[in-house]
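In case you want the letters, here they are:
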Amino acid sequence: CSEHSERSKRMMIGRMLRPMAGSLGVRVLGTAGRAAPRMLAAIQPTVVRPTFRSLHVTPVAAKKEGDDGWTPEDRPAIHAEPDGDPDDMNIFTEGTDSLLRPGGKISIAEALKLPLEVYEYPHSVLLAASMSGDYEAREEVLRRHIMVVDKVEWDTANATLQEIKNFNRSNMTFYQFPYKLGIWVALTAGFVSIPLIFHLDCVLWFNDAFVTFEDAGEGELDTWLEVGAFAWNWMEPPLGEASFFILCMQMTRNNMQNLGWKPYGDWVKKSRADLLMKQWPMYSQRALGEFAEVHCFSSDTASYINRVTG
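Computed from a prediction, not measured in an experiment: that's the story for all the values here. (Residues numbered from 1 in each chain as written. Predicted model: local features only at pLDDT ≥ 70, side-chain atom pairs only at ≥ 80, totals over all residues. Heavy atoms only, no water.)

> How would you sum up the packing of helix 6 (residues 154-169) against helix 11 (residues 285-295)? Please name residues and give values.
Running from N to C, helix 6 and helix 11 point in directions that differ by 55°, and their axes come no closer than 10 Å. For the element pair helix 6 / helix 11, the angle class is oblique. Relative to helix 11, the crossing made by helix 6 is right-handed. Taken together, the residues of helix 11 that come into contact with helix 6 (itself represented by Leu161, Ile164, Lys165, Asn168 and Arg169) are Leu288, Phe291, Ala292 and His295. Of the residues in the contact of helix 6 with helix 11, the class split is 5 nonpolar, 2 polar and 2 charged. (Axes fitted to C-alpha atoms, helices over the stretch in contact; angles between N-to-C directions. Helix = DSSP H or I, 4+ residues; strand = E, 2+ residues; numbered from the N terminus. Parallel < 35°, antiparallel > 145°, perpendicular 65-115°, else oblique. Left-handed = near helix turned anticlockwise from the far one by under 90°. Contact = heavy atoms within 4.5 Å. Nonpolar A, V, L, I, M, F, W, Y, C, P; charged D, E, K, R; others polar.)

Put into structure tokens, the structure is as follows:
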């Protein structure tokens, strides 16, 4: 009787789990009959606590019923053995054991698995961050690619990467000059405009030296707002024209990008990428190009690894 009851429980678990595994489009190691005792052992009298971390599935090509070699035993089933092939795909990701505990707080053992440095990240995380334009991710992707091509360790590949970075930064002072000039002009004009509009002595001096506007009447320059209103007679045209000119330049840039034309900054990045790909043709053109685009105008301290290793 007990044997019959055990067989019935196995069949019940198999029917429950097969549709769930089948929806994943995968074939699982083992069969439902073998997994049933382990699954039943995880069921408590009052609370169901399956050991989800022990469930493994193995991706396989989808098969339709009726194909050659297809048998009922080949149908997807849950395999609950804790040790599986390293290539198996966990149904739940690392660090989710805490979800099965009250409060959901992780343990020290789980916290130790957290990667803190970019060179500790798995390939999938690096590629996702690289596609988003992250500087350090693209740097590490190129470094790992150098390791594969040159068959060297991380430190040796990092030395090669430093050579690439130095080459990519060569003559960049010339290309950066328009941006640096724009920064200083904008900062100077922004701060100088404040006293030239609201400071009485500066306004009167500027008027006498460059404008020669008629003097204000008695009591018309008693407050800083009245001074600003007086100075606005000659400050409005240049400031308004500067604002309109900047607006036109921004509109021009947006339309150039819509047409696929490269403004100055994009043109510089593309030219630097072409130089790197020509200098190091043995490496991936995509990895070199993406790295060159984020590196040529970036700060020397943008990468933590660069600050540590020099």
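On we go from here.
> Now, about a nonpolar patch on the surface: what can you tell me, with residues and values included?
Where nonpolar side chains cluster on the molecular surface, the patch consists of Ile183, Trp184, Leu187, Phe191, Ile194, Phe198, Trp224 and Leu225 and spans about 940 Å² of accessible area. Among the secondary structure elements, those contributing two or more residues to the nonpolar patch are helix 7 (172-198) and helix 9 (224-258). Ranked by residues supplied to the nonpolar patch, first place goes to helix 7 with 6 residues. In this fold, Trp224 is placed in helix 9. (Patch = residues over 30% accessible without salt bridge, like charges linked within 9 Å, V, L, I, M, F, W, Y side chains within 5 Å. Areas by Shrake-Rupley, 256 points an atom, 1.4 Å probe, with all protein chains shown as cover. Salt bridge = Lys/Arg side-chain N within 4 Å of Asp/Glu carboxyl O.)

> Mind laying out unusual backbone geometry, listing which residues take part and the relevant values?
Located in the positive-phi region is Lys151, a residue other than glycine, with phi close to 55°. With respect to the secondary-structure elements, Lys151 resides in the loop between helix 5 (135-150) and helix 6. Residue classification places Lys151 among the exposed residues on the basis of a relative accessible area of 73%. Of note in this structure, Asn171 is not a glycine but carries a positive phi near 60°. The residue Asn171 is located in the loop between helix 6 and helix 7 in this model. Asn171 gets classed as exposed once you look at its relative accessible area, which sits at 60%. (Buried < 20%, exposed > 50% of the residue type's maximum accessible area, 1.4 Å probe, protein only.)

> Help me get a handle on the layout of surface pockets, residues and values and all.
Any empty space left between atoms is shown by rolling a water-sized probe over those atoms. Taken as a whole, the largest pocket holds about 560 Å³ of empty space. The wall of the largest pocket is formed by 18 residues, among which Tyr179, Phe245, Ile246, Met249 and Gln250 lie closest to the centre. Those elements that provide at least two residues to the lining of the largest pocket are helix 7, helix 9 and helix 10 (264-279). Considering every element that reaches the lining of the largest pocket, the biggest residue donor is helix 7, with 8 residues. Residue composition of the lining of the largest pocket, by class: 12 nonpolar, 5 polar and 1 charged. (1 Å grid on protein atoms, 1.4 Å probe; cavity = no way out; pocket = protein on both sides within 12 Å on 5 of 7 lines; lining within 4 Å. Points joined across faces, edges and corners; volume = space filled by probe spheres on them.)

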